[in-house]
Each structure stands twice: as structure tokens, then as C-alpha cells.
Amino acid sequence: MSLHPALRFSDPRAFAERSIRAHGIALSGGATSDLDSRVLQAWRRSGAAGISPDQELPARVLTRDEVADARQRTPLRHIAADVVASVSDTSAAGRHLVVLTDSRGCLLWRSGSPHVLRRADSIAFAEGADWSERGIGTNGISLALETGTLTHATAGEHYVRAHHGWTCTASPVRDARGRILGVLDVSHPVRFSSSETAALVRCGTRLAETLLANEVGGPSPDDLPPPEPGSRPGPDGRADRGDNPVTEIRLLGWRPSVIRADGSTVDLTPRRAELLALLASREAWTARSLSEALYGDRDATATVRGEVRRLRQLTGLSIDSQPYALASHERGCVDFLSVEHPDDLLPHSEIPAIIDLRYGI
């Protein structure tokens, strides 16, 4: 049985010791049950890419001019300063480092106290460094890019031994179409591990995605899925698919999706899958209760409204507003509502409301 995720925060020293021991066993060719299978798979990919566990520098580090060019090429350039400043602590007592990468995992912005910045410099955790899996092996940023959701990498979960003194929490930043534009990461020494770091990263990610949506003035016509043959625009801009109804909504397992009668499938991002699971879990939600369940913030109603709108546009699902409610015939297609123990409900999700649904609380 792998290390229990709660141990990461309840006893970070024990988690670090066991994960580092498991790292040594696995890389020596032995078998260990103390690590998530996804981490072990990521290590295999890291090794295949030529990364050494004893490596000190990333495979690629941009020059100052190249960093400036990379910043100009990413849509994050307009919102990066505000996002990083909102999450960072630059005081002398600051314990964590905030970094923002581009879509390839190249670190473009960072902020932290002078002490934390010096410590980060010692492992090349600085602007221009390639922190993708192929650049420096498995880490929080690479796992977020690989899984498309919020991830942790603590101590021995990092492929490179020089990173074993750190714990990292990272989340993809997406545009209105669901494309990953970069990763927001908060890292600090292992002894400062706290479950609050995940909340900090989620808030920073939500701010980034809200600012991005405002930057482009909300979804454009290109954000809508292409209409199906014979369909016509509905009142909210989505395709009217009355002759091709939803037959299955899959939220159990790692590939959440909406499936229609003709076999067509719409894959869901982790965020939209969480929203759909919550909508399906009860008959109706107020905007404030839904924003609290999804983001832990009852005042995030504007963000929820935007997410619901984009979910409608992407899937064509019938979702009423004021209150928010998924149509009863579509709720009947949701897989986890028809099983007694939905233990596999969105296994990537760590938000409390989904965990409660998973374990029937």
C-alpha cells in the first residue's frame, strides 16, 4: 500500500524518510509499495529521457534574452505579475517560493524571500530553467503538466536527489478553451509542509484564470465546440442536440467525459469534471454554495458563472441557472450516482466536496 496522502502534511518528516527510502529501492531495481504508481511511471520516463538522479542542472537553461522572448510569447505575460504577487511572501520570514512556468514547464517568473531565493538558486530553480520531466526529471511542475490537475511532489517523490529537501504543490493554468498555458507552483522546505499550500495554489490558479478570461473579454465564438451536422444554435450559443441526446456521463476513473447517442465523446478537464460532479450530486445549487464547494470561497460566484457557461458551451448539457441544476434526464446518465460505493469518483480531485461524495459522507 502506498504512502497515505494525509501523511504528507500530518507528519512530513516521516513521509520524507519513507519516500526517500522508496526512491533508493526503486532506482536500485527493487520493488516498493510506498509510492504512487504514477510517480514510478514518471521516474521511468525520466530515466528514459536521459535524466540522472544525481543531476544538478536542468537539461536546458535559457539566457536572459531568451527568457524575455519566452515571456513575450506566452499569454500569461499580462497577468503573471499580479498572480505571482498575490501568492508570494517576500518578507524576511517568508518560507515559500512561487514560480510560474510556460506550457512547456520552463520557469519564467518567481518570487520569494531572499533566503528562499538563495536556496532555490542552489538547485537551479530559477528563471529560464526547464523544469519539465525531460528537463530535470519528475517534480511537481512536471506532474501537473502530465496529469492536468493539482499535484504534489514531496521529498523522495522527486526523481533528482538534490530536490529531496523540497515539497512542491503545482497546478495547471488554463485558458477558456481548457488549454494549459503554464503551471503555478508553490514550493518550500519539507519541514514546512502544510495542507494550506494547496488552497494557496488553487486561489492563485483561480485568480490567473479569471484574469485571463477578463483579458480576452470572455469566451469568443471560437470557444464553442463545432456544431454537429444538422444542429442549430441554441439560445445560449451552444448547439441544440435534441436529436443526439447524452447517453452517459462518465465521472468514475481518470478520463471523465460526456458521451452522446452517436458515440461522440467530449473529454472534460479536471475542473469541469469537478463542477459537473457537484451539479449532478444534488437537484439544485445556489451560486454561493456551488462556489464554496468548488473553490472554498462563497464569494467566487463570478468565476462559477463563467465555468458553468463554458461547461454548457463545451458539452451542450442542459444546466439551468438561479439555481444551478442539471436536467433530470441527464442526471440519470451520471455513472457515479448509480453505484453504491463511488470510490473511483474523479481520483485526481482533492477538493473536500468531491472527497465527501467519493466516500458517501
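In case you missed it, the structure is sitting above this.
Residues numbered from 1 in each chain as written. Predicted model: local features only at pLDDT ≥ 70, side-chain atom pairs only at ≥ 80, totals over all residues. Heavy atoms only, no water.

1. Things to note about the overall build of the protein
Spelled out, the test is: For helices the rule is a DSSP run of H or I covering at least 4 residues; for strands it is a run of E covering at least 2, with both sets numbered from the N terminus onward. With C-alpha atoms as the basis for the radius of gyration, the globule rule is written as 2.2 Å multiplied by the number of residues raised to the power 0.38. The buried label applies to any residue whose accessible area, calculated with a 1.4 Å probe on protein chains only, is under 20% of its type's maximum; exposed applies above 50%, and partly exposed to all values in between. For this analysis, residues touch if any pair of their heavy atoms sits within 4.5 Å. Calculation of accessible area relied on Shrake-Rupley with a 1.4 Å probe; when residues are assessed, cover is drawn exclusively from the protein chains displayed. His is not counted, nor are the chain ends; Lys and Arg add positive charge and Asp and Glu add negative charge. Every charge is mapped to an atom, namely NZ of Lys, CZ of Arg, CG of Asp or CD of Glu.
When helices and strands are tallied, the protein shows 14 helices and 12 strands. Over its C-alpha atoms the protein spans a radius of gyration of 21 Å, differing by no more than 12% from the 21 Å that the globule rule assigns to 361 residues. Burial analysis of the protein (361 residues in total) assigns 52% to the buried set. The contacts of the protein with a sequence gap of at least 6 include a subset with a gap of at least 24, amounting to 58%. Here the protein has roughly 16,700 Å² of accessible surface; of this, 49% comes from carbon and sulfur atoms. Taking the average location of the 42 positive side-chain charges in the protein and that of its 46 negative ones, the two points are 2 Å from each other.

2. Notes on the sheet that holds strand β4 (residues 166–174)
The following threshold applies: One bridge is not enough; two strands pair if DSSP finds at least two bridges between them. Whenever a helix is involved, its axis is fitted only over the stretch in contact; in every case the axis is a line through C-alpha atoms, and angles between N-to-C directions fall within 0 to 180 degrees.
Taken in spatial order, the 5 strands line up as β2-β1-β5-β4-β3 in an open sheet, and their pairing is antiparallel. This sheet does not close on itself; its edge strands, each paired only once, are β2 (107–111) and β3 (151–154). On average, each strand axis in the sheet is tilted by 20° relative to the strand beside it, whichever way the strands run. As defined by bridge partners, β3 adjoins β4 across 4 bridges and the pair is classed as antiparallel. Pairing of Thr151 across the sheet is with Ala170, part of β4.

3. Focus: the state of the cysteines
Just so we agree on the cut-off: What counts as a disulfide here is a pair of cysteine sulfur atoms lying within 2.5 Å.
One pass over the full model with this rule turns up 0 disulfides. Of all cysteine sulfurs in the structure, the one in Cys106 sits closest to Cys168, which takes part in no disulfide; the separation is 16 Å. Looking at Cys203, it has no disulfide partner, and the nearest cysteine sulfur is the one in Cys168, 19 Å off.

4. What to know about the sheet that holds strand β8 (residues 246–250)
As summarised here, the arrangement of the 3 strands in space is β8-β9-β10, forming an open sheet in which the pairing is antiparallel. Lying at the two open borders of the sheet, with one neighbouring strand each, are β8 and β10 (265–267). Here the strands of the sheet are splayed against their neighbours by 15° on average, with no regard to which way each runs. Where strand β9 (residues 257–260) meets β10, 3 bridges bridge the pair, whose relative direction is antiparallel. From the neighbouring strand, Ile259 faces β10, where its bridge partner is Thr265.

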